[in-house]
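# Fold and contact review
Listed here are the chains, written in short residue letters.
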Amino acid sequence: MVRTTIFWLHLACGVSAGLVVLMMSVTGVVLTYERQAQAWEDRSYYAEPEAGQQMMSANQLIGASRGLEGFEPTSLMLSSDPTAPAVLKQGRSQTQYLNPYNGEAYNPHSDALSAFFSTVRGWHRWFNMSGDNRSSARVITGAANLMFLFLVLSGIYLWLPKIYARTTLRARVWFNASNSNANARNFNWHHVLGFWAAIPLVVIISTATVFNYSWANSLVYQLAGEEAPVRGGSASVEPPVTAPVSRLPYANLIDTAKTYSTSWRTITLAIPAAEANSASLTIDEGDGGQPQKRHVLTLNVTDGEVIKWAPFTSQTPGAQARRWVRFLHTGEALGLTGQTIAGIASFAAILMVWTGLALALRRFLRWLEKQKRAREVEAPTI
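Residues numbered from 1 in each chain as written. Predicted model: local features only at pLDDT ≥ 70, side-chain atom pairs only at ≥ 80, totals over all residues. Heavy atoms only, no water.

Moving on to the overall build of the chain. Across its full length, the chain carries 11 helices and seven strands. In terms of C-alpha radius of gyration, the chain reaches 27 Å, well past the compact-globule figure of 21 Å for 382 residues. Viewed in the frame of its principal axes, the chain has a C-alpha envelope of about 105 × 45 × 45 Å. For the chain, the proportion of its 382 residues judged to be buried stands at 37%. In the chain, 61% of the contacts between residues at least 6 apart in sequence involve partners at least 24 apart. Carbon together with sulfur atoms contributes 60% to the accessible area of the chain, which is approximately 22400 Å² in total. Across the chain, the centroid of the 32 positively charged side chains sits 19 Å from that of the 25 negatively charged ones. (Helix = DSSP H or I, 4+ residues; strand = E, 2+ residues; numbered from the N terminus. Rg over C-alpha atoms; globule rule 2.2 N^0.38 Å. Buried < 20%, exposed > 50% of the residue type's maximum accessible area, 1.4 Å probe, protein only. Contact = heavy atoms within 4.5 Å. Areas by Shrake-Rupley, 256 points an atom, 1.4 Å probe, with all protein chains shown as cover. Lys, Arg positive; Asp, Glu negative; His and termini not counted. Charge placed at Lys NZ, Arg CZ, Asp CG, Glu CD.)

Pairing is antiparallel in the open sheet, where seven strands are placed in the order S3-S2-S1-S4-S5-S6-S7. The open sheet has two edge strands, strand S3 (94-98) and strand S7 (306-310), and neither has a second partner. Going across the sheet, the axis of each strand differs from the next one's by a mean of 20°, ignoring polarity. Two elements, strand S5 (residues 278-284) and strand S6 (residues 294-300), share seven bridges in a ladder whose sense is antiparallel. The residue bridging Ile283 from the neighbouring strand is His295, located in S6. Sheet contacts for helix H3 (residues 58-66): strand S1 (75-79), strand S2 (86-90), S3 and strand S4 (266-270); angle to S2, the most-contacted strand, approximately 50°. (Pairing = 2+ DSSP bridges. Axes fitted to C-alpha atoms, helices over the stretch in contact; angles between N-to-C directions.)

This part covers the layout of surface pockets. When its volume is computed, the second largest pocket comes out at roughly 1100 Å³. As for the second largest pocket, its lining consists of 44 residues, and the residues nearest its centre are Phe7, His10, Leu158, His190 and His191. It is helix H7 (residues 182-212) that contributes the most residues to the lining of the second largest pocket, 12 residues altogether. Looking at the lining of the second largest pocket, its residues break down into 24 nonpolar, 14 polar and six charged. (1 Å grid on protein atoms, 1.4 Å probe; cavity = no way out; pocket = protein on both sides within 12 Å on 5 of 7 lines; lining within 4 Å. Points joined across faces, edges and corners; volume = space filled by probe spheres on them. Nonpolar A, V, L, I, M, F, W, Y, C, P; charged D, E, K, R; others polar.)

Pasting the structure below:
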């Protein structure tokens with residue numbers, strides 16, 4: 001009785017959410033190597049320095065970027081790669097790539113690839129809707145994601161064969177090349193793919209739930225023994241300063257940050273306001289998608305003294321878990337291997353949805369045929 005109930009719930013959720021899950025899985029596969037694709041596109045901004053050429057100071061680079069029309073930088077990112085550009089951003093919307101040796105801005109490449117990934121991400125999250133429609137679409141994708149989680153968890157239970165034997169287990173853990181028909185093939189593929197993809201899919205789907213629902217976000221902190229922070233409620237506010245602060249060159253602050261890591265790959269300076277007393281520098285020892293390799297150093301801008309050193313391990317368990325959630329969803333937290341696993345699991349989900357819907361359709365057609373035969377038997381003969 002329990003197995004039958006779970007089966008019909010599994011079937012109902014699969015039919016109800018199947019097409020939405022299919023869309024999220026397809027777009028998830030496309031987004032698998034987005035970070036690498038973007039890095040490849042940005043290779044046009046890399047250049048070997050001339051012999052004896054010295055890198056410009058942080059202050060000089062910031063000054064050079066301010067000479068660009070309509071651009072006021074809010075952050076500067078420097079790379080340990082001597083051929084990499086200096087990346088300056090104005091908020092999240094504008095980015096300028098400068099040659100770090102002469103301060104010249106590179107001609108921006110086509111935004112076609114970035115626009116493509118942005119569109120795919122929009123479909124992945126909310127059917128690429130905008131405005132008020134985005135919230136409505138997110139309700140649908142969030143609900144479909146929850147049903148997908150139930151599908152995977154219930155599928156783990158339904159995967160277990162009623163009779164344990166070598167032949168039945170083998171048919172559920174590996175592909176059978178001698179399937180007699182399409183229905184048998186779909187059944188075999190659905191179970192095999194579910195077996196191998198179950199664990200990564202549970203991680204991918206459950207982390208997506210955290211993005212969609214505040215209760216899931218709070219649960220992450222509660223499981224770590226903490227209360228979820230209130231957005232905008234814990235930010236520290238510096239006392240107002242009426243006059244600009246006399247500060248050290250930014251290069252001094254960056255040099256201090258370098259002493260905190262021998263394996264840094266990028267250092268990002270959040271450019272402080274004229275009246276600010278401190279500056280925040282993010283030291284990244286990974287590829288940008290590994291939270292455990294990102295650390296924050298806060299320095300006094302007047303004398304360079306350390307105000308706070310906050311490596312990833314110094315954060316509360318809840319904060320660490322929440323940052324892991326963000327990059328476990330894409331697999332980036334585990335590097336290229338994690339991304340590949342996430343991509344393969346998403347591709348497996350495509351086939352699982354396809355075979356599951358095919359099995360459901362075949363079952364429905366059999367039911368219709370059965371009803372037709374029953375009506376023919378009951379029909380009075382003349």
